[in-house]
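Structural features, examined
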Amino acid sequence: DTGVSQDPRHKITKRGQNVTFRCDPISEHNRLYWYRQTLGQGPEFLTYFQNEAQLEKSRLLSDRFSAERPKGSFSTLEIQRTEQGDSAMYLCASTSAGTGDSPLHFGNGTRLTVT
Amino acid sequence: SQQGEEDPQALSIQEGENATMNCSYKTSINNLQWYRQNSGRGLVHLILIRSNEREKHSGRLRVTLDTSKKSSSLLITASRAADTASYFCATEENDMRFGAGTRLTVKP
């Protein structure tokens, strides 16, 4: 168990550019979550997957955001036409849903800075 | 909408004192989970309490659950400077949504 890994750790981009983040969950975990967190706030739910199916997407998530989990393993989060308000920490977490009491395991996040 | 709402928003204590933070939720739950986050890092799971449990201990952590009031509390006893972090609660019933957390500062 190597934990949840996120790549890159930091990303600086110019406004209007597209960015893509990757999350590799713990291998046997079937559920994967994405969150966004700004300074002093709690993690804001963005979306989650059960295997490869995207089951829920926050209404706060604009159509510039898209997430995929093509084979039910790793996931990508893409932000198109980035805006300065997208600057935040993007967190990924995974868990074994449906197996009883299984907590979330978080990665250390990707910090995005939009200039 | 957020499910877990923690209070207070901030708490500052001296090393050795106990810290208590609370969580309120809105729907029926199967379990409630507490997490800790150090600055710039991901969240780390601390403890899970099931809906049929009223109290649970793990080291210096004590969690209580009152399903009639839809609330939980996390007590950290004999706090240490290393306990300085933000603490969050969450439930599965609202897709693991988190509140703003309680920012705990333990002064040495």
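Residues numbered from 1 in each chain as written. Chains lettered and ligands numbered in written order. Predicted model: local features only at pLDDT ≥ 70, side-chain atom pairs only at ≥ 80, totals over all residues. Heavy atoms only, no water.

To continue, consider the sheet that holds strand E8 (residues 75-79) of chain A. Residues and elements named next belong to chain A. In space, the 4 strands of this open sheet follow the order E1-E3-E8-E7, with antiparallel pairing throughout. Two strands in the sheet have a free side with no partner beyond their single neighbour: strand E1 (5-7) and strand E7 (65-68). With direction set aside, neighbouring strand axes in the sheet form an average angle of 15°. (Pairing = 2+ DSSP bridges. Helix = DSSP H or I, 4+ residues; strand = E, 2+ residues; numbered from the N terminus. Axes fitted to C-alpha atoms, helices over the stretch in contact; angles between N-to-C directions.)

To continue, consider the state of the cysteines. Residues and elements named next belong to chain A. Taken as a whole, this structure holds 2 disulfides over all chains when the rule is applied. What pairs with cysteine 23 in a disulfide is cysteine 92, and their sulfur atoms sit 1.8 Å apart. One quick way to see it: the torsion about the S-S bond of cysteine 23 and cysteine 92 is about -65°, and its sign makes the bridge left-handed. Residue cysteine 23 is located in strand E3 (residues 19-24), and its partner cysteine 92 is located in strand E9 (residues 88-95); the two are separated by 69 residues in the primary sequence. (Disulfide = S-S within 2.5 Å.)

Before going further, it helps to spend a moment on the pairing of strand E9 (residues 85-91) of chain B. All names here are of chain B. Among the 7 residues of E9, 7 are classified as buried, and the element is accordingly described as predominantly covered. Judged by which residues are buried, E9 turns out to be covered on both faces: Ala85, Tyr87, Cys89 and Thr91 on one side and Ser86, Phe88 and Ala90 on the other are all buried. Two elements, strand E4 (residues 31-37) and E9, share 6 bridges in a ladder whose sense is antiparallel. Its bridge partner lying in E9, tryptophan 34 is registered against cysteine 89. As judged from the 3 bridges shared by E9 and strand E10 (residues 102-107), these two strands associate in the antiparallel manner. What sits directly across from alanine 85, in E10, is leucine 104. (Buried < 20%, exposed > 50% of the residue type's maximum accessible area, 1.4 Å probe, protein only.)

Okay, the nonpolar core next. If you look at the biggest cluster of nonpolar residues, it comprises 20 residues, and the most contacted ones within it are Met21, Leu32, Trp34, Leu74, Ile76, Tyr87 and Leu104 of chain B. The set of elements that each furnish at least two residues to this core consists of strand E3 (19-24), E4, strand E5 (43-50), strand E7 (61-66), strand E8 (71-76), E9 and E10 of chain B. If near-sequence neighbours (up to four positions away) are discounted, tyrosine 87 of chain B is found in contact with Glu6, Met21, Tyr35, Arg36, Leu46, Leu74, Ile76, Gly101, Thr102 and Leu104 of chain B. Grouped together as the second largest cluster of nonpolar side chains are 19 residues, Leu77, Ile79, Ala88 and Cys92 of chain A included. (Core = buried A, V, L, I, M, F, W, Y, C linked by side-chain atoms within 4.5 Å. Contact = heavy atoms within 4.5 Å.)

Let us look at the sheet that holds E5 of chain B. Either a parallel or an antiparallel arrangement is found when strands of a sheet pair, and the pairing is made through backbone hydrogen bonds. All names here are of chain B. With mixed pairing, the 5 strands of this open sheet are ordered in space as E2-E10-E9-E4-E5. Each having just a single partner strand, strand E2 (10-14) and E5 make up the two edges of the open sheet. Neighbour to neighbour, the strand axes of the sheet diverge by 25° on average, direction disregarded.

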